[in-house]
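Below are the chains, spelled out letter by letter.
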Amino acid sequence: MERYSVNDCKVVELDKHHSDRKGNLTVVENNVTLPFAVKRVYYLYDVPGGESRGAHAHRDLCQLIVAVSGSFTVRLFDGKERRSFFLNRPYQGLLVYPGMWRDLEDFSSGAVCMVLASDVYKEEDYIRNYEEYLKYRSNG
Ligand code: TYD
């Protein structure tokens, strides 16, 4: 597994089709928009104000995180450097590579956080313990 840093993670502009009369449509397509094929989609919603989500890292999973409604902040840490991304546009997605500790915070009311993921749900892919994560990133 390649070792990624927070500087590999970035906001990508998604395809947006605009119609003055009928609004907007955004497309994410396998092998066109993303450097991975999507195997799973899930979304977070009804997150109470002041609550945070995440607080884990993934060993192999790649994700695209989209604020399809409202806004929130994604804080990433790669064991050395930190980067924060404020997401509030349904036509932008944050590409998160494996190995990033992430915290999702400051959800606006009505925020919907959609995640497109490169694999099905596997609990063994998670690192949920922060000390374990620091060890994982400091080895090799
Ligand atoms: P978790 O990934 O810990 O949520 P977050 O990081 O957003 O706070 O998942 C919360 C719960 O949902 C946990 O019990 C596992 C379950 N879950 C699934 O069953 N399938 C999934 O695809 C995901 C993402 C979570």
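Participant: I would appreciate a short explanation of the sheet that holds strand β10 (residues 101–105) in the present structure.
Facilitator: Strands belonging to one sheet form pairs held by backbone hydrogen bonds; the direction of such a pair is parallel or antiparallel. In spatial order, the strands read β8-β7-β10-β5-β12; together these five strands make up an open sheet with antiparallel pairing. Strand pairing shows two members of the sheet lacking a second neighbour, β8 (82–87) and β12 (126–127), which therefore form its edges. For strand β7 (residues 72–77) and β8, the ladder comprises six bridges, and the chain directions are antiparallel. The partner of Val-74 across the bridge, within β8, is Phe-85.

Participant: What is the right way to read the nonpolar core from this model?
Facilitator: Grouped burial of nonpolar side chains is what soluble globular proteins tend to show. Leu-64, Ile-65, Phe-72 and Leu-76 are the most contacted members of the largest nonpolar core, which totals 30 residues. Residue assignment for this core shows that the elements contributing at least two residues are β6 (63–69), β7, β8, β9 (92–96) and β11 (112–117). In this structure Leu-64 touches Val-12, Leu-14, Val-28, Leu-34, Phe-36, Gly-93, Leu-94, Leu-95, Met-114, Val-115 and Leu-116, once residues within four positions along its chain are discounted. In this structure, Ala-57, Trp-101, Ile-127 and Tyr-133 belong to the second largest nonpolar core, which totals five residues.

Participant: I would appreciate a short explanation of unusual backbone geometry in the present structure.
Facilitator: Both trends apply: most residues other than glycine have a negative phi, and most peptide bonds are in trans. Within the chain, Asn-31 stands out as a residue other than glycine whose phi angle is a positive 65 degrees. Here Asn-31 shows up in the loop between β3 (23–27) and β4 (40–44). A positive phi angle, close to 60 degrees, is found at Ala-55, a residue other than glycine. Within the secondary structure, Ala-55 is located in strand β5 (residues 53–58).

Participant: How should the side chain of Arg-137 be read in this particular structure?
Facilitator: Note that Arg-137 resides in helix α1 (residues 130–138). Of the side chains bearing the opposite charge, Asp-78 lies closest to the buried Arg-137, which forms no salt bridge; the N-O distance is 5.3 Å. At 3.1 Å, the side chain of Arg-137 forms a polar contact with the backbone oxygen of Asp-78. Beyond its immediate chain neighbours, meaning those up to four positions away, Arg-137 contacts Arg-3, Tyr-4, Asp-78, Gly-79, Pro-98, Gly-99 and Met-100.

Reading guide: rules and limits
Residues numbered from 1 in each chain as written. Predicted model: local features only at pLDDT ≥ 70, side-chain atom pairs only at ≥ 80, totals over all residues. Heavy atoms only, no water. Pairing = 2+ DSSP bridges. Helix = DSSP H or I, 4+ residues; strand = E, 2+ residues; numbered from the N terminus. Core = buried A, V, L, I, M, F, W, Y, C linked by side-chain atoms within 4.5 Å. Buried < 20%, exposed > 50% of the residue type's maximum accessible area, 1.4 Å probe, protein only. Contact = heavy atoms within 4.5 Å. Lys, Arg positive; Asp, Glu negative; His and termini not counted. Salt bridge = Lys/Arg side-chain N within 4 Å of Asp/Glu carboxyl O. Polar contact = N/O pair within 3.5 Å; in protein donor to acceptor, adjacent residues only side chain to side chain.

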